[in-house]
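Residue-level structure breakdown
The lines below spell out each chain.
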Amino acid sequence: MKLNEVFILRISILINLVEGLLEIFSSLILFVVNAPFIIKIMEFIFREELAEDSKDFLVQLMLNYANNLSIDTKFFLAIYFLVYGLINFSLAYVLLTKKVKHYFFVEIVLIILVIYQMYKFLYSHSLILLFFMLIDTFIIILVFRDHQKLLKGVKKKLSYLLN
């Protein structure tokens with residue numbers, strides 16, 4: 001594996017680690033806060049856009065979604081973010097430890113996540129989901145190549161010890 005690929009893999013692992021932590025934090029916030037508080041936060045975040053154009057389509061769409069956020073939806077999102085965050089954090093941690101025995105598990109979990117993202121994309125046609133799906137696919141390729149490199153190193157060590 002080239003130095004650039006190793007660097008890109010390490011950066012993507014760190015991004016997944018941070019993303020996992022943010023998703024866990026977001027899920028905890030969703031468990032604790034109520035819908036009116038979420039709306040106030042969104043109004044605060046988008047206050048400049050609302051001052052410029054009070055009918056901004058994207059801002060109004062997000063505020064409308066927050067206004068119609070049911071307890072069931074909020075709970076589902078909290079669980080989804082928690083599970084996905086734990087998976088991202090765990091996978092990143094496992095990859096940073098560089099233990100060969102865990103790579104196969106990581107590859108399988110990432111492939112399952114990409115298949116799930118493809119399934120969701122078929123129904124939502126979300127460009128953001130497509131973007132994350134492509135990034136995760138790229139990460140799978142880098143992880144697979146890193147795994148192969150580690151396996152070659154283990155085989156060399158075994159052949160050295162056996163000779």
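Residues numbered from 1 in each chain as written. Predicted model: local features only at pLDDT ≥ 70, side-chain atom pairs only at ≥ 80, totals over all residues. Heavy atoms only, no water.

As a further point, take the confidence of the model for the chain. Taken as a whole, the chain shows an average pLDDT of 82; of its residues, 95% reach a score of 70 or greater. Between the elements of the chain, mean pLDDT differs from a low of 80, seen in helix 7 (residues 127-162), to a high of 85, seen in helix 6 (residues 100-124). (pLDDT = per-residue confidence, 0-100. Helix = DSSP H or I, 4+ residues; strand = E, 2+ residues; numbered from the N terminus.)

Quick look at the packing of helix 2 (residues 35-45) against helix 4 (residues 57-67) now. Where helix 2 contacts helix 4, the two axes come as close as 9 Å, and the packing angle between them is 165 degrees. Considering the angle they form, helix 2 stands roughly antiparallel to helix 4. Handedness of the crossing formed by helix 2 with helix 4: left-handed. Listed contacts from helix 4 to Ala35, Ile38, Ile39, Met42 and Glu43 of helix 2 are Met62, Leu63, Ala66 and Asn67. In the contact of helix 2 with helix 4, the residues fall into seven nonpolar, one polar and one charged. (Axes fitted to C-alpha atoms, helices over the stretch in contact; angles between N-to-C directions. Parallel < 35°, antiparallel > 145°, perpendicular 65-115°, else oblique. Left-handed = near helix turned anticlockwise from the far one by under 90°. Contact = heavy atoms within 4.5 Å. Nonpolar A, V, L, I, M, F, W, Y, C, P; charged D, E, K, R; others polar.)

Here we come to the packing of helix 5 (residues 71-97) against helix 6. Each packed pair of helices is defined by two parameters, the angle between the axes and the distance between the axes. Two elements in contact, helix 5 and helix 6, have axes separated by 10 Å at closest approach and are oriented at 145 degrees. Between helix 5 and helix 6 the crossing geometry is left-handed. Residues Tyr80, Tyr84, Ile87, Leu91, Val94 and Leu95 of helix 5 form the contact with helix 6, whose own contacting residues are His102, Tyr103, Phe105, Val106, Val109, Leu110, Leu113, Tyr116 and Gln117. Here the contact of helix 5 with helix 6 is composed, by residue class, of 13 nonpolar, two polar and no charged.

With that settled, consider the packing of aromatic side chains. The tally for this structure, following the rule as stated, stands at four aromatic pairs. Judged by centre distance (6.0 Å) and plane angle (70 degrees), the rings of Phe31 and Phe75 are edge-to-face. In this pair, Phe31 sits in helix 1 (residues 3-32) while Phe75 sits in helix 5, placing the two residues 44 residues apart along the sequence. One aromatic cluster is present, formed by Tyr80, Phe81 and Tyr84 through successive ring pairs. The ring of Phe44 is capped by Arg47, whose NZ or CZ atom sits 4.2 Å from the centre of that ring. (Phe/Tyr/Trp six-rings, centres within 6.5 Å; stacked < 30°, edge-to-face > 60°. Lys NZ or Arg CZ within 6 Å of the ring centre and 35° of its normal.)

So, on to helix 5. Helix length check: helix 5, at 27 residues, gives a terminal C-alpha distance of 39 Å against a target of 39 Å (1.5 Å per residue), a fit within 8%. By the burial criterion, the buried members of helix 5 are Lys74, Ala78, Tyr84, Gly85, Asn88, Leu91, Ala92, Val94 and Leu95. Phi turns positive, to about 55 degrees, at Lys98, one or two residues after helix 5. (Expected span 1.5 Å × (residues − 1). Buried < 20%, exposed > 50% of the residue type's maximum accessible area, 1.4 Å probe, protein only.)

Those residues of helix 4 lying buried are Val59, Leu63 and Ala66. Each buried residue of helix 4 sits inside an arc of 60 degrees when the element is viewed along its axis, so together they form one side. Those residues of helix 4 that are exposed and angled more than 90 degrees off the buried face are Phe57 and Leu58. Here helix 4 starts with a cap whose side-chain oxygen sits 3.1 Å from the backbone nitrogen of Leu58, and that cap is Asp56. (Arc of directions from axis to C-beta. Polar contact = N/O pair within 3.5 Å; in protein donor to acceptor, adjacent residues only side chain to side chain.)

This brings us to a negative patch on the surface. Together, Glu48, Glu49, Glu52 and Asp53 make up a region of like negative charge exposed at the surface. Residue Asp53 is classed as partly exposed on the basis of its relative accessible area, which comes to 37%. (Patch = residues over 30% accessible without salt bridge, like charges linked within 9 Å, V, L, I, M, F, W, Y side chains within 5 Å. Areas by Shrake-Rupley, 256 points an atom, 1.4 Å probe, with all protein chains shown as cover. Salt bridge = Lys/Arg side-chain N within 4 Å of Asp/Glu carboxyl O. Lys, Arg positive; Asp, Glu negative; His and termini not counted. Charge placed at Lys NZ, Arg CZ, Asp CG, Glu CD.)

Moving on to the environment of Ile45. Relative to the helices and strands, Ile45 is located in helix 2. Overall, the relative accessible area of 52% leaves Ile45 in the exposed class. Spatially, the C-alpha atom of Ile45 lies 9.9 Å from that of Val59, the residues being 14 residues apart in sequence.

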